[in-house]
Number of protein chains: 2
Amino acid sequence: MAMTLYELVGSDAARPFSPHCWKARLALKHKGLDFQTVTAGFTEIPGLEGGFSKIVPILKDGETLVADSFAIAEYLEATYPDRPSLFGGEGGRALSRFVESWSQRTIHPQIARLVVLDIHAGLGERDQSYFRESREKAFGTTLEAFVADREARVEPLLKSIEPLRAILARQAFLGGESPLFADYIVFGAFQWARVTSPLPILPAGDEVAAWFERCLALHDGEGGKVPAAA
Amino acid sequence: MAMTLYELVGSDAARPFSPHCWKARLALKHKGLDFQTVTAGFTEIPGLEGGFSKIVPILKDGETLVADSFAIAEYLEATYPDRPSLFGGEGGRALSRFVESWSQRTIHPQIARLVVLDIHAGLGERDQSYFRESREKAFGTTLEAFVADREARVEPLLKSIEPLRAILARQAFLGGESPLFADYIVFGAFQWARVTSPLPILPAGDEVAAWFERCLALHDGEGGKVPAAA
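Residues numbered from 1 in each chain as written. Chains lettered and ligands numbered in written order. Predicted model: local features only at pLDDT ≥ 70, side-chain atom pairs only at ≥ 80, totals over all residues. Heavy atoms only, no water.

The name that an unreviewed UniProt entry assigns to chain A is Glutathione S-transferase family protein, with the source organism given as Jiella endophytica.

1. Overview of the pairing of strand 2 (residues 35-40) of chain A
Residue and element names in this part refer to chain A. This is how the line gets drawn: Any two strands with at least two DSSP bridges between them are considered paired. By definition, any uninterrupted DSSP run of H or I lasting at least four residues is a helix, any uninterrupted run of E lasting at least two residues is a strand, and each is numbered from the N terminus. Here the term right-handed applies to a crossover when the path leading from its first strand over the helix to its second strand runs clockwise, the strands being oriented away from the viewer.
The pairing of strand 1 (residues 3-8) with strand 2 spans 6 bridges and is classified as parallel. When the sheet's bridge partners are listed, Tyr6 is paired in strand 2 with Val38. As for the winding sense of the linkage, the β-α-β connection from strand 1 through helix 1 (residues 19-30) to strand 2 is right-handed.

2. Remarks on the environment of Leu114 of chain B
Residues and elements named next belong to chain B. Worth spelling out the cut-off: Each residue gets one of three labels from its accessible area relative to the maximum for its type: buried under 20%, exposed over 50%, partly exposed in between, using a 1.4 Å probe on protein chains only. Note on contacts: a residue pair is in contact if any heavy atoms of the two residues lie within 4.5 Å.
Along the chain, Leu114 falls in helix 3 (residues 90-121). The class of Leu114 is buried, set by a relative accessible area of 0%. Considering only alpha carbons, one finds Leu114 and Arg150, 36 residues apart in sequence, at a separation of 5.4 Å. Once residues within four sequence positions are removed from consideration, Leu114 is found in contact with Val147, Arg150, Arg153, Val154, Leu157, Leu199 and Ile201.

3. Digging into the relation of the copies chain B and chain A
Selection rule: What sets the superposition is a least-squares fit of C-alpha atoms, and only residues with pLDDT of at least 70 in both copies go into it.
Take chain B, turn it by 180°, move it 0.0 Å along the axis, and it overlays chain A with an RMSD of 0.0 Å. The operation mapping one copy onto its partner corresponds to a two-fold rotation axis. No C-alpha of chain B approaches the rotation axis more nearly than that of Gly92 of chain B, which lies at 1.9 Å. With an isologous cut-off of 70% or more, the 100% of interface residues of chain B that recur at the interface of chain A puts this contact in the isologous class.

4. Some remarks on the domain arrangement of chain A
All names here are of chain A. The test is simple: Where each domain starts and ends follows an automatic or database-derived domain assignment. When two components associate, each loses some accessible surface as probed by a 1.4 Å sphere; the sum of these losses over both components is called the buried area. A pairing counts as a salt bridge when a side-chain nitrogen of Lys or Arg comes within 4 Å of a carboxyl oxygen of Asp or Glu. What qualifies as a polar contact is a pair of N or O atoms within 3.5 Å, subject to a donor-acceptor requirement within protein and to the restriction that residues adjacent in sequence count only when both atoms come from side chains. Three classes are used: nonpolar for Ala, Val, Leu, Ile, Met, Phe, Trp, Tyr, Cys and Pro, charged for Asp, Glu, Lys and Arg, and polar for all others, with Gly counted as polar.
When cut into domains, chain A gives domain 1 (3-79) and domain 2 (90-225). One C-alpha centre belongs to domain 1, the other to domain 2, and the line joining them spans 18 Å. Contacts between the two partners involve 22 residues from domain 1 and, on the opposite side, 30 residues from domain 2. With both sides pooled, the region where domain 1 packs onto domain 2 buries about 2400 Å², and carbon together with sulfur makes up 67% of that total. For the pair domain 1 and domain 2, the interface holds 4 salt bridges. Arg25 is the partner of Glu222 in a salt bridge, and the nearest nitrogen-oxygen pair spans 2.6 Å. The interface formed by domain 1 and domain 2 contains 7 residue pairs in polar contact (both at pLDDT 80 or more). Only helix 1 and helix 2 (69-79) provide two or more residues apiece to the side of domain 1 that touches domain 2. The greatest single-element share of the side of domain 1 that touches domain 2, amounting to 9 residues, is contributed by helix 1. Its residues assigned to classes, the side of domain 1 that touches domain 2 comprises 10 nonpolar, 7 polar and 5 charged.

5. A look at the packing of aromatic side chains
Residue and element names in this part refer to chain A. For the record, the criterion: To pair, rings of Phe, Tyr and Trp, with the six-membered ring standing in for Trp, must have centres within 6.5 Å; the planes then decide the type, stacked if under 30 degrees apart, edge-to-face if over 60, and tilted in the middle. Counted as over-ring charges are cases with an Arg CZ or a Lys NZ within 6 Å of the ring centre that also lie within 35 degrees of the ring normal.
Considering all chains together, one arrives at 23 aromatic pairs over all chains under this definition. Where Phe70 meets Phe181, the ring centres are 5.6 Å apart and the plane angle is 85°; that geometry is what we call edge-to-face. Residue Phe70 is located in helix 2, and its partner Phe181 is located in helix 8 (residues 181-196); the two are separated by 111 residues in the primary sequence. The same class applies to Phe70 as to Phe181, namely buried. Through a chain of ring-to-ring contacts, three or more aromatic side chains come together here, namely Phe17, Phe42, Tyr130 and Phe131. The ring centre of Phe70 lies 3.7 Å from the NZ or CZ of Arg97, which sits over that ring. Against the face of Phe173 rests Arg214, its NZ or CZ located 5.7 Å from the ring centre.

See below:
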């Protein structure tokens, strides 16, 4: 039986946008595993699989349920060791945690300040109320104020990813000549922006933009199949 | 024949301080290899091994010469594969490059703004002239101006290493339960500060401080054998 990946969507079920769900989706593709996807809005997540997790992605493999993208990658690596490796060894697994930590604390908060109002606009009605209330409480301001002057925030974001740019100038992927889960971790962040918002972020000619295009093309263009937000 | 590691020192040959030389020294210890060290001041480097390299560390292993700390780690990993691994596999090697890129672009420039005047004070006379001239040209200002208000620069440094702190709150080392070369990469940066400057940087109770202490204790306390600057 094919596995099931539960993914987050807004009003358009064909546009999964969660960065973490994209990490899991590409991890499954990397392993060459068959899977079907089931979509859920924010307010539907607590009802999935009998309330198994408050977050997606959730992977169901036979009787096994796993939530959290990194945990899913570790599960796939341990369960399907003969498929292409997501970590390239134990050292790669440990250091992927650093890439995750860096991406979550460097890229994610900055992208949130660019796209959060666009995310809201793409949600169904019930999810919109939930999203606005929970995020405005977390941010301490309105969604509109949170993204005000967002154009001015692009340049600092591009500056902050210089450590990424420098390595991608010398190797095709974070994983070296071919991608590893670490690539999907960072890809998820930019794909989140690409699918939710028309705001241009990565300029043409940027090494990071070139790497992102390479990632969009991986696994028969899995990432690129969902068109960019217009 | 034991290997030779060429290291940078100031007027006190017992206090190697280059972050990159510390990376190489701990890599050799990690592999459990015998080596002797030969010290050089900045202006002596071009004369080492017939002008082999403009930078230290340089490793001499029999007839083989290798310069650059990462290249040395890769050389040791390839040449002594039966010794404890510095990368934990190919994925770890690739992602160690990201750790290096991050450390060089996040930690190093900030530590430089804390300690360059202390470094200058610790150099021999000829190296002092070279160091002041080359660094003032690179920084576009005097060493004194470059470190002015340095106390106010500690807090932003501590904030910028949050991605490191978050991972060290969940695992003992970047490498996981035990250290890898990635740990030595970041250790080198803080050891550079510790050996050159009495300025307190990592506060007690910080997860990064606790990790740094663990690193100082590794390999029979290799890093801790050189006392902190007073």
